[in-house]
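Close look at the chain arrangement
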Amino acid sequence: QVQLVESGGGLVQAGGSLRLSCAASGRTFRMRAMGWFRQAPGKEREFVAAISWTGGVDYYSDSVKFRFIISRDSASNTGYLQMNRLKLDDTAVYYCAATPYGGNWDRWSTYPDWGQGTQVTVSS
């Protein structure tokens, strides 16, 4: 099992940037793909981005592609989500998640391990 703790959320103006971090504990995190999801009030949890356990493959939703960058540092067991050119629609609670499975990374049901979430609010 992997324990995940997100940080880095906050209030930012539209067009600004934030970097979220996901600190993982547990030796098996290195063998897990990592994903970021978000959930806005009244909406379902949606996929944002995912990265393979090697860091060599990444995958983004159309809504964040070319604006967000997912990465990970195996040495520190930390994952990141760099969010640029933020929009009002990016306002949500952001969750990181980990999975031992090799596919379907855009489905929340693929991930058995979840963090508690961090709030991102984009203002006009």
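It should be emphasised that the depicted structure is a prediction, and the values quoted were computed from it without experimental measurement.

1. With respect to the overall build of the protein
Check the secondary structure of the protein and you find zero helices and 11 strands. For the protein, the N- to C-terminal ordering of α and β elements is β-β-β-β-β-β-β-β-β-β-β. Computed over C-alpha atoms, the radius of gyration of the protein comes to 13 Å, within 12% of the 14 Å expected from 2.2 N^0.38 for 124 residues, which places it in the range of a compact globule. Oriented by its inertia axes, the alpha-carbon framework of the protein measures out at about 40 × 25 × 25 Å. Burial status across the protein gives 45% buried among its 124 residues.

2. Remarks on the sheet that holds strand β1 (residues 3-7)
Pairing is antiparallel across the open sheet formed by four strands, whose spatial order is β1-β3-β8-β7. Strands at the two margins of the open sheet, each flanked by one partner only, are β1 and β7 (68-73). Across the sheet, the mean angle from the axis of one strand to that of its neighbour is 15°, orientation sign disregarded. As defined by bridge partners, β1 adjoins strand β3 (residues 18-25) across five bridges and the pair is classed as antiparallel. In the strand pairing of β3, Leu4 is matched with Ala24.

3. Considerations on unusual backbone geometry
For Phe66, which is not glycine, the phi torsion reads 75° and is therefore positive. Note on placement: Phe66 falls in the loop between β6 (58-60) and β7. At Asn104, a residue that is not glycine, the phi angle is positive and equals roughly 55°. Examined against the element boundaries, Asn104 turns out to sit in the loop between β9 (92-99) and β10 (113-114).

4. What about the pattern of salt bridges?
For the structure shown, the criterion picks out five salt bridges. Here Glu46 makes a salt bridge to Arg38, at a shortest N to O gap of 2.6 Å. For Arg38, a relative accessible area of 5% translates into the label buried. Taking the shortest distance from any N to any O, the salt bridge between Asp90 and Arg38 comes out at 2.8 Å. Of this pair, Asp90 sits in the loop between β8 (78-83) and β9 while Arg38 sits in strand β4 (residues 33-39), placing them 52 residues apart in sequence. Of the two residues, Asp90 and Arg38, neither departs from the other in class, the shared state being buried.

5. With respect to the pairing of β7
Burial along β7 is one-sided: the residues Phe68, Ile70 and Arg72 are buried and none of Ile69, Ser71 and Asp73 is. Here β7 runs beside β8; their pairing, made up of six bridges, is antiparallel. In the strand pairing of β8, Ile69 is matched with Gln82. Hairpin connection between β7 and β8: a loop of four residues separates the two successive antiparallel strands, and Asn77 in this loop has a positive phi of roughly 55°.

Reading guide: rules and limits
Residues numbered from 1 in each chain as written. Predicted model: local features only at pLDDT ≥ 70, side-chain atom pairs only at ≥ 80, totals over all residues. Heavy atoms only, no water. Helix = DSSP H or I, 4+ residues; strand = E, 2+ residues; numbered from the N terminus. Rg over C-alpha atoms; globule rule 2.2 N^0.38 Å. Buried < 20%, exposed > 50% of the residue type's maximum accessible area, 1.4 Å probe, protein only. Pairing = 2+ DSSP bridges. Axes fitted to C-alpha atoms, helices over the stretch in contact; angles between N-to-C directions. Salt bridge = Lys/Arg side-chain N within 4 Å of Asp/Glu carboxyl O.

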